Structure formats: C-alpha cells, structure tokens
Amino acid sequence: MPSKSSSGPKASLGLKLAALGGLLFLHVPIWIIFLYTLTPDETTFTFPLPGFTLKWFGVAMQRADLWRALTLSLQVAAVATVAALILGTLAAAAVYRSRFFGREAISFLLVLPIALPGIVSGIALRTAIGGFDIPFSFWTIVIGHATFCVVVVYNNVLARFRRMQGSQIEASMDLGANAFQTFRYVVFPNVATALLAGGMLAFALSFDEVIVTTFTAGQQTTLPIWIFSQLTRPRDRPVTNVVAMFVMLITFIPIFLAQRLSAQSSDTEGETK
Amino acid sequence: MLQRISTYLYLRPQLVLGLLLGPPLLYMLVVYLGSLFNLLVYSFYYLEEFTGLIVREFTLRTYAQIFEPANRDIFLRTAGMATAVTIVDALIAFPLAYYIAKFASARLKTWLIIAVTIPLWSSYLVRVYAWKLILAQEGILSWFINLLRLDGVLNWLLSIEAIGGSSLALSPIGLFIVFAYIWLPYMIIPIQTALERVPGSLVEAASDLGAKPLQTFRTVILPLAFPGVVAGSIFTFSLTLGDFIVPLSLGNSKFFIGQAVYSYQGTAGNIPLAAAMTMGPVLIMIVYLLIARRLGAFDAL
C-alpha cells in the first residue's frame with residue numbers, strides 16, 4: 001500500500017461529512033434490525049417501539065423449522081466450502097506454476113458465476129438439472145453453491161502464491177525434499193492463511209446465498225429461503241427479526257476473521273469480490 | 001514410493017498441469033458452462049400455448065416475444081433502475097473511498113476497510129429485510145419524516161406517476177433506495193483500490209506546478225480513479241439487472257427482468273421465454289465487460 005499522505009492536505013469538512021454519511025448509510029439499517037428484535041409488537045413494524053421484550057429470542061429457539069433450516073444451511077455451506085477449497089486451490093496452483101494456452105480464460109471462467117446475475121446461473125442450473133431428471137436435493141444445492149465459491153478461494157490462494165518466493169520451493173527441492181514434502185513443509189504453511197481466509201469467505205457466501213438456491217433446491221428450506229419466504233409473506237415478524245440478527249452475527253464472524261487474516265499478511269485480495 | 005511418484009511427476013510437467021487443472025476445469029466447463037449453453041439452446045425453443053409443452057425445435061419466435069410492449073417495458077424499467085442505482089452509488093461511494101484511500105490514518109483505514117467489507121459479504125437478504133422495517137408505513141423513516149414535518153414533500157414525491165406509489169415500500173423510490181443501499185459496497189471497494197494506486201508524487205507534482213486542490217482532483221485524481229468507478233459499476237449494474245429478491249420483497253406489481261424470469265420459469269413453466277429474457281442481461285453484461293476491459297477497469301477489480 002502507498003505511504004500515507006501525512007504531509008499532504010487534510011480532508012476538508014465536506015469530504016469528511018460525505019464519507020461519514022456513506023458509512024452511516026451502510027450501517028444504520030443493520031442496527032435497526034437489532035433494535036426491532038426487542039419489540040413486543042407482533043403485527044406491525046411500529047416505530048418508536050411500543051415497549052421492550054426479550055421473549056422472541058426464546059420463541060425463536062423453540063422453532064423446529066428454524067433449526068432444520070439452520071442445520072441444512074450449515075451442511076450445505078460446509079460441503080460447498082470443501083469443494084471450493086479443493087477446486088480453487090488446484091486451479092490457482094495450475095495458473096501459478098504453468099503457462100498454457102487459455103490461461104487467461106481460466107480467471108474469466110471462474111469469475112463468471114459471480115459476474116453474471118445470479119438468476120442466470122440459477123435458471124441455467126435448474127434447467128440442466130431438470131433436463132437430466134436429477135431430483136432436487138441437498139446435492140443440487142451444493143453443486144450450485146460450489147460454482148460461485150470456487151472463485152473466492154482461487155483469488156485468495158493465487159494472490160498468495162504470487163507473493164510467495166519461488167526460490168523457497170527450489171531450495172527445498174535442491175535440499176532433497178520430494179514434491180510432497182515440499183508441499184507439506186514449504187507451500188502449505190505459506191498458503192494456509194489464504195486457504196483459511198478464502199474458505200471462510202466461501203462459507204459466508206454459501207451460507208447466505210438465496211438466488212441460486214431458490215432454483216436448485218427442491219422442497220428443501222435453507223435459512224435464507226426461510227427468510228425470503230418471510231420477506232414476501234410475513235407471518236412471524238418478531239421471529240424473523242431475531243433470525244435476521246442471528247444471521248448477521250454468524251456471517252459477521254468469518255468475514256471479520258478473514259479480513260484480519262488478509263490484513264495481517266498485507267493481502268487485500270479478500271476485498272474485491 | 002513417494003519419492004518415485006515425485007520424480008515421475010517432476011519429469012512430466014504436462015501431466016501435473018493436467019492433474020491440477022482437470023478437476024476445476026471439468027467442473028466449471030461441464031456443470032456451469034454446460035448449463036449456460038443448455039439455457040441458450042432452450043431460448044431457441046418455444047412453448048406451445050395450447051398444450052403447455054415445450055417444443056424442441058429451432059425458432060426465433062420466443063425472442064420475438066421479448067419485443068412485445070409488456071416485455072420491452074420490463075427491460076427499459078430494469079435498465080433505467082440499474083443506471084440510476086449505478087450513478088447514485090458512484091456519487092455516494094466516491095467520497096468515502098477517497099477518504100479511506102488518501103486521508104485516513106493507517107489504523108483508521110484498517111477499520112474503515114473492515115466497515116465497508118462487512119456489508120459486502122454479510123447477509124444480502126438480511127440487509128433487504130432491514131429496509132422492510134425501515135420503509136414500513138408505520139416504520140422509522142415515516143416517523144422521522146413526520147418529525148421533520150416533511151410528509152408533504154414525501155406525499156408529493158409519491159404522487160408522481162413514474163416514481164410514486166401508494167407508499168414508500170411499494171414505490172419505485174423505495175426500490176431504488178434499497179438497490180442503492182444493497183450494492184453500495186461493490187462500488188466503494190473498486191474505487192478505493194483504484195485511488196490507492198494513484199501515486200502521491202503525482203498529486204504533489206500537480207500542486208507544485210500550481211494546480212489548486214480542486215484542479216488536481218479534477219485533472220489528476222478523477223481520471224485515474226475512473227477505471228475503479230467503471231469496475232464498480234459492473235457490479236451495481238449487473239446485480240440490479242438480475243435481482244428478483246428486492247422487487248419481490250418490496251416494490252409494486254410492475255415487473256423487473258429478474259422477477260419476470262422468475263415467474264415465467266416458475267408458475268408459467270415457460271422456460272424458453274425465461275431463458276430468452278436472461279440472455280438480455282447476459283448480453284448487456286458481455287458488452288459492458290468488453291467496454292470495461294478497454295477502459296482498463298479489470299485492473300481495478
């Protein structure tokens with residue numbers, strides 16, 4: 001990162017206010033959800049809140065449908081993340097160590113699932129799955145999620161590879177280590193945090209995905225699908241508030257950690273999606 | 001044993017490349033591109049109205065349906081919304097990105113980057129849901145507007161035919177606010193990345209040569225940051241084009257592309273028309289990506 005412009009001009013008041021305004025616009029709506037988890041009001045979103053209560057946390061805990069949705073979401077995210085870690089790392093390694101025809105196209109191909117509108121991927125996968133008469137299941141959700149999770153791992157790992165000293169690998173080989181030992185003792189420790197960061201972001205991405213999931217899930221309800229059903233037809237407003245806060249907090253943790261991990265090794269690759 | 005495998009592989013770099021590249025390439029080509037291609041093929045089929053069955057023979061009549069007035073309006077409405085959202089997001093994002101890149105201290109910068117990244121990755125649905133609370137008729141925004149005694153202005157805005165509606169949540173204005181909010185982080189980060197790359201020495205040189213701060217900003221910083229704006233706009237534009245969650249959750253009965261595709265595919269069972277309609281955003285995005293690449297926006301991604 002370039003040096004700080006400590007000697008340069010200070011930010012004007014207008015710029016500071018505009019920056020603060022942008023920041024508040026990003027964050028205040030999220031705080032409002034947190035506030036609404038405390039409302040005793042069951043049928044409207046009245047503000048100011050007519051009172052305060054903590055009972056909805058207990059009510060949400062008792063809901064079996066929520067627990068099922070949460071479990072499914074966690075399982076899908078875990079499997080999709082593992083798939084993305086394997087495929088993304090392999091692709092990054094290939095692009096890093098070799099020159100080959102169509103190398104530039106690999107990045108393009110991998111970024112396509114997040115560059116194209118989610119609805120395109122969703123309907124494409126659904127039509128293909130339906131065309132082959134494959135029943136919609138846990139695995140069809142995972143297949144959909146893996147397509148857009150791969151690029152996150154790929155970007156993180158490739159950026160780390162590029163920063164790694166190639167001479168370390170050569171030194172290891174010169175000193176008699178075989179390819180597997182070199183991977184185990186030299187390459188892996190170097191990319192471990194990138195894998196962790198990429199994996200956590202992929203997990204967060206999958207855990208939260210709704211657009212592709214609406215097309216690739218059959219009767220299965222992931223947590224985002226549960227929330228989406230409440231968005232279009234609100235039935236359990238107070239419980240939805242609690243779930244919304246919970247989802248916000250649960251995705252907050254991996255994102256925060258991934259960001260810290262990336263910042264520590266002065267990577268910024270986690271930032272651009 | 002491992003030693004021998006290792007030597008064997010070392011002597012055959014092509015094989016190693018194949019082993020590394022094979023699985024991800026196969027997955028993306030077969031599953032993803034294969035599905036996309038299949039969708040493209042479907043867009044050339046058509047739905048037999050009487051039987052409700054998809055006729056699998058090549059025809060352009062499904063594409064012709066896109067140009068019927070109802071569908072054309074959907075396209076124009078969506079493109080208009082995407083344009084408006086992109087412009088406003090660029091205007092909101094720029095000052096924040098500029099402050100983060102050029103003025104914030106190292107410590108503050110780390111925190112600000114986290115503060116911008118968290119909404120980017122955090123739950124998109126929950127962020128839409130927040131606006132359901134905020135825009136509700138009895139909700140916090142109406143309360144605030146009444147507090148400021150601006151309800152007259154709001155009612156006047158809502159009475160305008162093109163952007164108004166029966167309430168904020170159900171009007172294009174509300175939809176626009178939510179879209180702008182949801183995609184804002186996608187604009188901030190590329191602009192910030194582009195601004196980071198503007199060398200401080202250039203700015204100093206400009207001021208040494210007698211440029212006023214505003215002049216430096218306009219003639220040095222802004223042109224160099226522009227690829228970042230274009231990179232950000234790829235996201236804001238594409239995401240708005242394809243979204244159906246926001247218009248389904250808020251908004252009125254006026255369709256957007258994503259919503260139309262969703263309903264053609266789902267309740268109507270008209271996969272060819274849904275497929276043909278998604279080709280609109282795909283085409284727009286490909287053209288957009290090509291232009292963006294010429295402007296050097298890919299370096300800022």
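Model, not experiment: these values are computed from the prediction.

Cut-offs used in this document
- Residues numbered from 1 in each chain as written.
- Chains lettered and ligands numbered in written order.
- Predicted model: local features only at pLDDT ≥ 70, side-chain atom pairs only at ≥ 80, totals over all residues.
- Helix = DSSP H or I, 4+ residues; strand = E, 2+ residues; numbered from the N terminus.
- Buried ≥ 20, exposed ≤ 12 C-beta atoms within 10 Å, placed from the backbone.
- Contact = placed C-beta atoms within 7 Å.
- Domains from an automatic or database assignment.
- Axes fitted to C-alpha atoms, helices over the stretch in contact; angles between N-to-C directions.
- Parallel < 35°, antiparallel > 145°, perpendicular 65-115°, else oblique.
- Left-handed = near helix turned anticlockwise from the far one by under 90°.
- Nonpolar A, V, L, I, M, F, W, Y, C, P; charged D, E, K, R; others polar.
- pLDDT = per-residue confidence, 0-100.
- Expected span 1.5 Å × (residues − 1).

Details of the overall build of chain A
The helix and strand tally for chain A stands at 11 helices and zero strands. Listing the helices and strands of chain A from first to last along the sequence gives α-α-α-α-α-α-α-α-α-α-α. Based on the C-alpha atoms only, the size of chain A along its principal axes is roughly 70 × 65 × 30 Å. Taken across its 273 residues, chain A has 46% of its residues classed as buried. Restricting the contact set of chain A to residue pairs at least 6 apart, pairs at least 24 apart contribute 78%.

Here we look at the interface of chain A and chain B
Across the contact, 77 residues belong to chain A and 90 residues belong to chain B. Mapped onto the side of chain A that touches chain B, the elements with two or more residues apiece are α1 (13-36), α3 (64-97), α4 (103-115), α5 (118-131), α6 (138-163), α8 (179-208), α10 (223-232) and α11 (237-264) of chain A. A per-element tally of the side of chain A that touches chain B places α1 of chain A first, with 13 residues.

Some remarks on the environment of leucine 223 of chain A
Position of leucine 223 of chain A relative to the elements: it lies in helix α10. Measuring from C-alpha to C-alpha, the distance between leucine 223 of chain A and phenylalanine 207 of chain A comes to 8.1 Å, with 16 residues separating the pair along the chain.

Describing the domain arrangement of chain B
Per the domain assignment, the segments making up chain B are domain 1 (2-42) and domain 2 (67-300). One C-alpha centre belongs to domain 1 of chain B, the other to domain 2 of chain B; they are set 37 Å apart.

Section: the packing of α3 of chain A against helix α2 (residues 13-42) of chain B
Two numbers describe how α3 of chain A lies on α2 of chain B: the axes approach to 8 Å, and their chain directions differ by 130 degrees. When the axis of α3 of chain A is compared with that of α2 of chain B, the two are oblique. Both α3 of chain A and α2 of chain B take part in a crossing whose hand is left-handed. Along its contact with α3 of chain A, which presents Leu87, Leu90, Ala91, Ala93 and Ala94 of chain A, the element α2 of chain B presents Leu17, Leu20, Leu21, Pro23, Pro24 and Tyr27 of chain B. Of the residues in the contact of α3 of chain A with α2 of chain B, the class split is 11 nonpolar, no polar and no charged.

Description of the confidence of the model for chain A
Looking at chain A, pLDDT values average 82 and 93% of them are 70 or higher. Here residues 1-7 of chain A is modelled with pLDDT under 50, and outside its nearest four sequence neighbours on either side it reaches nine contacts, counting other chains as well.

Concerning α5 of chain A
Residue and element names in this part refer to chain A. Taking 1.5 Å of rise per residue, 14 residues should cover 20 Å, and α5 covers 20 Å from first to last C-alpha, within 8% of that figure. With 12 of 14 residues buried, α5 is to be regarded as a mostly interior element. The complete set of buried residues in α5 reads Gly118, Ile119, Val120, Ser121, Gly122, Ile123, Ala124, Leu125, Arg126, Thr127, Ala128 and Ile129. Just past α5, the residue aspartate 133 takes up positive phi, approximately 55 degrees.

Focus on unusual backbone geometry
Phi angles above zero are rare outside glycine, and aspartate 133 of chain A is one such case at about 55 degrees. Among the structural elements, aspartate 133 of chain A can be located in the loop between α5 and α6. On the neighbour-count criterion, aspartate 133 of chain A (6 C-beta atoms within 10 Å) is exposed. The backbone of arginine 149 of chain B sits at a positive phi, close to 60 degrees, despite the residue not being glycine. Its place among the elements puts arginine 149 of chain B in the loop between α7 (140-147) and α8 (151-159). Accessibility expressed as a C-beta count within 10 Å gives 8 for arginine 149 of chain B, which makes it exposed.

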